[in-house]
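Okay, here's what each chain looks like letter by letter:
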Amino acid sequence: MENEKKERYAELILNAYNENIFKITWSTIGFSINIEKPEQFPKMKDKDFQKYIFSIINLVAKLAEKEDLDGENEKDLAIAKEIYLRETDLKDHLYIKKNSKIDCFESLEYEIISHRDKDDAQKIAATSAILKITTEKSRDESICAFEISERDLTDMIQKLDGLREKIHNIRTEDKI
């Protein structure tokens, strides 16, 4: 690929990434690029651009996994490093995705629902949410969907916040 074209592509990738136009989703078998509004990133339809962006993201993964980068293009590596610096705890994340012996978290979706009063359908008796958690192992996905009240949701969030803090503390202590 010619240098001028590569430089344009590099600038497009960094601008789009920094503006959160696309997000890299890391999975147990690799990664995907999620674009919420494809009209904001029409260049993704260009096959050369697709090859280039995937090669950059492969470099990001190599950086995280501390693979040998000898022979890699310095400009491409600089772009990958910029993205890598924004991908928090990617090293641990990829290690878990590739080495876990059990299912790994993939995604969380939700829908807020209202239960209607049995006697008067115009009145809301209760409001809750349906959570759908998708997990993955290699190419297999599992889905768990359940209804949750605000009280249980608050309890779950508190436990998850506590867990996140403990993991953060362990990771921080390891780096000292």
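Residues numbered from 1 in each chain as written. Predicted model: local features only at pLDDT ≥ 70, side-chain atom pairs only at ≥ 80, totals over all residues. Heavy atoms only, no water.

A. Representation of the packing of aromatic side chains. Counting across every chain of the model gives 7 aromatic pairs. Chaining the aromatic ring pairs together yields one cluster made of Tyr9, Tyr17, Phe22, Phe41, Phe49 and Tyr52. (Phe/Tyr/Trp six-rings, centres within 6.5 Å; stacked < 30°, edge-to-face > 60°.)

B. Geometry of helix H3 (residues 74–86). When the terminal C-alpha atoms of H3 are compared, their 19 Å separation across 13 residues agrees well with the 18 Å that a helix rising 1.5 Å per residue should span. Residues of H3 that are buried: Asp76, Leu77, Ile79, Ala80 and Ile83. The arc that holds the buried residues of H3, viewed along the axis, is 160°, so those residues lie on one side. Exposed and facing more than 90 degrees away from the buried side of H3 are Glu74, Lys75 and Leu85. Elements in contact with the buried residues of H3: helix H1 (3–18), strand S1 (22–27) and helix H2 (47–64). Among the residues of H3, the N-terminal cap falls to Asn73, whose side-chain oxygen and the backbone nitrogen of Lys75 are separated by 2.8 Å. (Helix = DSSP H or I, 4+ residues; strand = E, 2+ residues; numbered from the N terminus. Expected span 1.5 Å × (residues − 1). Buried < 20%, exposed > 50% of the residue type's maximum accessible area, 1.4 Å probe, protein only. Arc of directions from axis to C-beta. Contact = heavy atoms within 4.5 Å. Polar contact = N/O pair within 3.5 Å; in protein donor to acceptor, adjacent residues only side chain to side chain.)

C. Fine view of the packing of H2 against H3. It is the contact of H2 with H3, at a shortest axis distance of 8 Å, that shows an interaxial angle of 65°. The interaxial crossing formed by H2 with H3 has right-handed handedness. Contacts between H2 and H3 involve Tyr52, Ile56, Leu59, Val60, Leu63 and Ala64 from the first element and Asp76, Leu77, Ile79, Ala80, Lys81, Ile83 and Tyr84 from the second. Each residue belonging to the contact of H2 with H3 can be placed in one class, and the counts come to 11 nonpolar, no polar and 2 charged. (Axes fitted to C-alpha atoms, helices over the stretch in contact; angles between N-to-C directions. Left-handed = near helix turned anticlockwise from the far one by under 90°. Nonpolar A, V, L, I, M, F, W, Y, C, P; charged D, E, K, R; others polar.)

D. Molecular detail of the sheet that holds strand S5 (residues 140–148). Pairing is antiparallel in the open sheet, where 3 strands are placed in the order S3-S4-S5. Either end of the sheet is taken by a strand with one partner, and the two such strands are strand S3 (104–116) and S5. Going across the sheet, the axis of each strand differs from the next one's by a mean of 15°, ignoring polarity. The sheet contact formed by strand S4 (residues 124–137) and S5 spans 9 bridges and is antiparallel. (Pairing = 2+ DSSP bridges.)

E. Expanded view of the side chain of Ser128. Along the chain, Ser128 falls in strand S4. What makes Ser128 buried here is its relative accessible area of 10%. Of note is the side chain of Ser128, whose polar atom sits 2.5 Å from the side chain of Glu147. Among all residues touching Ser128, those that are not within four sequence positions of it are Glu111, Ile112, Ile113, His115, Glu147, Ile148 and Ser149.

F. Representation of the pattern of salt bridges in the model. One pass over the full model with this rule turns up 12 salt bridges. Note that Lys97 is salt-bridged to Glu136, the shortest N-O span being 3.4 Å. Within this pair, whereas Lys97 is found in helix H4 (residues 90–99), its partner Glu136 is found in strand S4, the two being separated by 39 residues in sequence. Given the relative accessible area of 7%, Lys97 is considered buried. (Salt bridge = Lys/Arg side-chain N within 4 Å of Asp/Glu carboxyl O.)

G. Spotlight on a nonpolar patch on the surface. On the surface, Leu160, Leu163 and Ile167 cluster together into a nonpolar patch covering about 270 Å² of accessible area. Examined against the element boundaries, Ile167 turns out to sit in helix H5 (residues 150–175). On the accessibility criterion, Ile167 (44% relative accessible area) is partly exposed. (Patch = residues over 30% accessible without salt bridge, like charges linked within 9 Å, V, L, I, M, F, W, Y side chains within 5 Å. Areas by Shrake-Rupley, 256 points an atom, 1.4 Å probe, with all protein chains shown as cover.)

H. Layout of the pairing of strand S2 (residues 30–35). Judged from the 6 bridges that link them, S1 and S2 form a sheet pairing that is antiparallel. Within the sheet, the bridge partner assigned to Phe22 lies in S2 and is Ile35. Between S1 and S2, which pair antiparallel and follow one another directly, the connecting turn spans 2 residues.

I. Just unusual backbone geometry, in detail. For Asn20, which is not glycine, the phi dihedral falls at a positive 60°. Summarising the element assignment, Asn20 is placed in the loop between H1 and S1. The backbone phi angle of Ser138 is positive, close to 55°, even though this residue is not glycine. Position of Ser138 relative to the elements: it lies in the loop between S4 and S5.

Nothing here speaks to function; it is all geometry.
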